[in-house]
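# Summary of the model geometry
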Amino acid sequence: MGHFFSESDCRYHSQSRRNLSSHLLIAAHRNMDEWRRLMVEPSMDTPAYIFGRAAHVLCLEGMDAFEAKYRVGGPKNPKTGKTYGRSTRKFAEWATEHAKQGKEVITPEQFSLALKMRDSVYKHKAASKLLRSGDAEQVARTRYQGLPCQIRIDWLRQDAWIVDYKTTGDLMSFSTSVHQYGYMYQAAFYQSVAARVLGKRLPVYMIATEKSDSARTMVWRLDQNELTASARKNEQKILEISEEFKSINASRTEHSVESASAS
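On a predicted model such as this, the values are computed, not experimentally measured, just so you know.

## What to know about the overall build of the chain
- When helices and strands are counted, the chain shows 11 helices and 7 strands.
- Against the compact-globule benchmark of 18 Å for 263 residues, the chain has a radius of gyration of 20 Å, which places it among compact chains.
- Contacts in the chain between residues far apart in sequence, at least 24 positions, make up 69% of those at least 6 positions apart.
- On the chain, roughly 13900 Å² of surface is accessible, and the fraction owed to carbon and sulfur atoms is 51%.
- Looking at charge distribution, the chain has the averaged site of its 39 positive side-chain charges lying 3 Å from that of its 30 negative ones.

## Concerning the sheet that holds strand β3 (residues 135–144)
- Reading across the sheet, the 5 strands line up as β3-β4-β5-β6-β7 and stay open at both edges, with mixed pairing between neighbours. Of all strands in the sheet, those bounded by a partner on one side alone are β3 and β7 (217–221). For this sheet, the mean angle separating the axes of adjacent strands, direction not counted, is 35 degrees.
- Looking at chain direction, strand β4 (residues 147–157) and strand β5 (residues 161–168) are connected through 3 bridges and run antiparallel.

## Considerations on the packing of aromatic side chains
- Applying the stated criterion to the full structure yields 8 aromatic pairs.
- On the basis of an interplanar angle of 25 degrees and a centroid distance of 5.3 Å, the ring pair of Phe-174 and Trp-220 is categorised as stacked. Residue Phe-174 is located in helix α9 (residues 174–180), and its partner Trp-220 is located in strand β7; the two are separated by 46 residues in the primary sequence.
- Since its relative accessible area comes to 2%, Phe-174 is described here as buried.
- Put simply, the rings of Phe-174, Tyr-181, Tyr-183 and Trp-220 touch in pairs and so form one group of aromatic residues.
- Sitting over the ring of Tyr-12, Arg-152 keeps its end group 4.6 Å from the ring centre.
- Over the ring of Trp-161 we find Arg-157, and its NZ or CZ is 5.2 Å from the ring centre.

## A look at the nonpolar core
- If you look at the biggest cluster of nonpolar residues, it comprises 42 residues, and the most contacted ones within it are Phe-4, Leu-20, Trp-35, Ile-151, Ile-153 and Phe-189.
- Listed by contribution, the elements that provide at least two residues to this core are α2 (22–30), α3 (32–40), β3, β4, α9, α10 (183–198), β6 (204–210) and α11 (224–262).
- Tallying contributions element by element places α10 first for this core, with 10 residues.
- Excluding residues that lie within four positions of it along the chain, Trp-35 makes contacts with Leu-24, Ala-27, Ala-28, Ile-241, Glu-244, Phe-245 and Ile-248.

## Brief notes about the pairing of β5
- Counting buried residues in β5 gives 8 out of 8 residues, a clear majority hidden from the surface.
- Side chains Trp-161, Val-163, Tyr-165 and Thr-167 of β5 all project onto a buried face; the interleaved residues Ile-162, Asp-164, Lys-166 and Thr-168 project onto the opposite face, where all are buried too.
- Linking two consecutive strands that pair antiparallel, namely β4 and β5, is a turn of 3 residues.
- Inspection of the sheet shows β5 paired to β6 by 7 bridges, in the parallel sense. The partner of Ile-162 across the bridge, within β6, is Val-204.

What counts and how
Residues numbered from 1 in each chain as written. Predicted model: local features only at pLDDT ≥ 70, side-chain atom pairs only at ≥ 80, totals over all residues. Heavy atoms only, no water. Helix = DSSP H or I, 4+ residues; strand = E, 2+ residues; numbered from the N terminus. Rg over C-alpha atoms; globule rule 2.2 N^0.38 Å. Contact = heavy atoms within 4.5 Å. Areas by Shrake-Rupley, 256 points an atom, 1.4 Å probe, with all protein chains shown as cover. Lys, Arg positive; Asp, Glu negative; His and termini not counted. Charge placed at Lys NZ, Arg CZ, Asp CG, Glu CD. Pairing = 2+ DSSP bridges. Axes fitted to C-alpha atoms, helices over the stretch in contact; angles between N-to-C directions. Phe/Tyr/Trp six-rings, centres within 6.5 Å; stacked < 30°, edge-to-face > 60°. Buried < 20%, exposed > 50% of the residue type's maximum accessible area, 1.4 Å probe, protein only. Lys NZ or Arg CZ within 6 Å of the ring centre and 35° of its normal. Core = buried A, V, L, I, M, F, W, Y, C linked by side-chain atoms within 4.5 Å.

Take a look at the structure:
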């Protein structure tokens, strides 16, 4: 048993390899070499991930939290009058300067889209009901299947439900993405670890919003039979990686102690 709490992105990610997270577990399901790499080095940000993270903050945490974490803007291309794309050198140089101030950056066009997506969520009857009460970005750490684990749930109402918020390029093919990206494993992991903390199993809902001008939103209550089946597969995978997980972390701890002694 334990409790849920809020903490900074930096603090959460600093613990992400010492504690088994849903992203590490999904990687282990997908490819063991990928899992081993992520245990040693953090994954690289992609433009899609950066935008998705910004949309999460704006939708679930609100404008004040967004403005504290993000800078909207970018250098203008004089030929088009539009902001240079994220992949250009001009934008990278501009972003690097603002990163020094502790803020991530998104373009005005991305911000406009994120606003449309936020509005779509809160205009959706079922989605707005789920998000009416509860807390965003709730963290818990506990032992599950013999390993230290951590979760950060997008939205949690501790007496009622878990909500996982996703952004997608195509809402109509989102069911394919659920399997492609291991979202059921993630949801089952959230449910299982939360049950260890809260002493009860909560239903899991998924809200998905399309990254398009229409910004359509849909809501699902995930099937409990599928979650239970995914939880069993998670437990099997955790058992498979358990000794190697402990060994990698022991080596990291030993290296940290040696580095501290040398300095």
